[in-house]
Amino acid sequence: MRSIDVMVNGLPGNMAGIVASHVLRDDRFNLVPFSLTGQEILQNECIIDSISVKLIRPDVRDKLITGIIEKNPDLIMIDYTHPSAVNMNAEFYVRKLTPFVMGTTGGDRKRLLETVNASAISAVIAPNMAKQIVGFQAMMEFAATTFTNLFEGYSLDVRESHQKGKADTSGTAKAVVASFNQMGVRFREEDIRMERNPDIQKKEWGVPKQFLSGHGWHTYTLTSEDKTVKFEFTHNINGRDIYAIGTLDAAAYLSQKIKNGIKGRVFSMIEVLKRV
């Protein structure tokens, strides 16, 4: 079977680098040695596991992308750029007829979906590419719609810890809170307890030192009104490999859908998990 050609955009960013490294170790894929990057990036190349990847800034990408697509006509883009570039990049992919996996969060998500749905390409778009986390969220959503008011009268405490550079509250935590609220809990998103201090994360939470710069720890604690019953759900992720693995599964899924002739469709990670 022919390898799937992918171009990982967002280098020299950390997440893009991890995904590109995984591509090189995955027999399903061939890494196209180019990457769209920001205009502010001064370097011209990025080394990924001894492979030189040429960085392409916005002011020259229209000129250079044509030749890249000609050499790799079935190219799939993987986007881990910057939230400010989400919509601009999606519109670029649509113009160039290159299907894509959007792992970058942020941007105008409604406009993002509309851009693909009105186009001649398909894409996988998800705010979280970790398959197991997506599956956990789906389980919570199923419980919320099936067992309404299951936890009525229970109190909820939510703690989440991420690397210092993550300014916003975890989207996963918000989604799980919404499910618990459907199950009868009364909890406000603004009451989610965020931790971004590396010293506290290391000393009080126990986050390993090597993962202080990249982790996602969440704990949801439900306590009955009389304090005699407690349920606790925890998912702790160290590093970013779990997101890279899910991203590549999404790219493989998208490649198959393209071969089936599907156009103008946005797929979710739930569909990737179900392989529908």
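Presented here is a report on the structure given in the accompanying data block.

Quick notes on the rules
- Residues numbered from 1 in each chain as written.
- Predicted model: local features only at pLDDT ≥ 70, side-chain atom pairs only at ≥ 80, totals over all residues.
- Heavy atoms only, no water.
- Core = buried A, V, L, I, M, F, W, Y, C linked by side-chain atoms within 4.5 Å.
- Buried < 20%, exposed > 50% of the residue type's maximum accessible area, 1.4 Å probe, protein only.
- Helix = DSSP H or I, 4+ residues; strand = E, 2+ residues; numbered from the N terminus.
- 1 Å grid on protein atoms, 1.4 Å probe; cavity = no way out; pocket = protein on both sides within 12 Å on 5 of 7 lines; lining within 4 Å.
- Points joined across faces, edges and corners; volume = space filled by probe spheres on them.
- Nonpolar A, V, L, I, M, F, W, Y, C, P; charged D, E, K, R; others polar.
- Axes fitted to C-alpha atoms, helices over the stretch in contact; angles between N-to-C directions.
- Parallel < 35°, antiparallel > 145°, perpendicular 65-115°, else oblique.
- Left-handed = near helix turned anticlockwise from the far one by under 90°.
- Contact = heavy atoms within 4.5 Å.
- Polar contact = N/O pair within 3.5 Å; in protein donor to acceptor, adjacent residues only side chain to side chain.

**Notes on the nonpolar core**
- Ranked by internal contacts, the top residues of the largest apolar core, which has 35 residues, are Val 19, Ile 78 and Val 124.
- Of all the secondary-structure elements, those providing two or more residues to this core are strand S1 (4-9), helix H1 (14-25), strand S2 (29-31), strand S4 (45-48), strand S5 (51-56), strand S6 (76-79), helix H8 (241-259) and helix H9 (269-274).
- A per-element tally of this core places H8 first, with seven residues.
- If you look at the next biggest cluster of nonpolar residues, it comprises 22 residues, including Ile 69, Leu 75, Met 102 and Leu 112.

**Examining the layout of surface pockets**
- Taken as a whole, the largest pocket holds about 1300 Å³ of empty space.
- Lining the largest pocket we find 48 residues, and of these Gly 103, Thr 105, Pro 127, Asn 128 and Lys 166 sit closest to its centre.
- For the lining of the largest pocket, the leading source of residues is helix H5 (residues 131-146), giving five residues.
- Within the lining of the largest pocket, the residues separate by chemical class into 19 nonpolar, 23 polar and six charged.

**As for the packing of helix H2 (residues 61-71) against helix H3 (residues 86-95)**
- Relative orientation of the contacting elements H2 and H3 amounts to 45 degrees, with a least axis distance of 12 Å. On the basis of their axis angle, the class for H2 and H3 is oblique. Considering the relative orientation of H2 and H3, their crossing is right-handed. Together, Arg 61, Asp 62 and Ile 65 of H2 and Met 88, Asn 89, Phe 92 and Arg 95 of H3 make up the contact between the two elements.
- Grouping the constituent residues of the contact of H2 with H3 by class yields three nonpolar, one polar and three charged.

**Quick look at helix H7 (residues 198-205)**
- Near the N-terminus of H7, the side chain that reaches the backbone nitrogen of Asp 199, with its oxygen 2.9 Å away, is that of Asn 197.
- Just beyond H7, the residue with positive phi is Gly 206, at close to 85 degrees.

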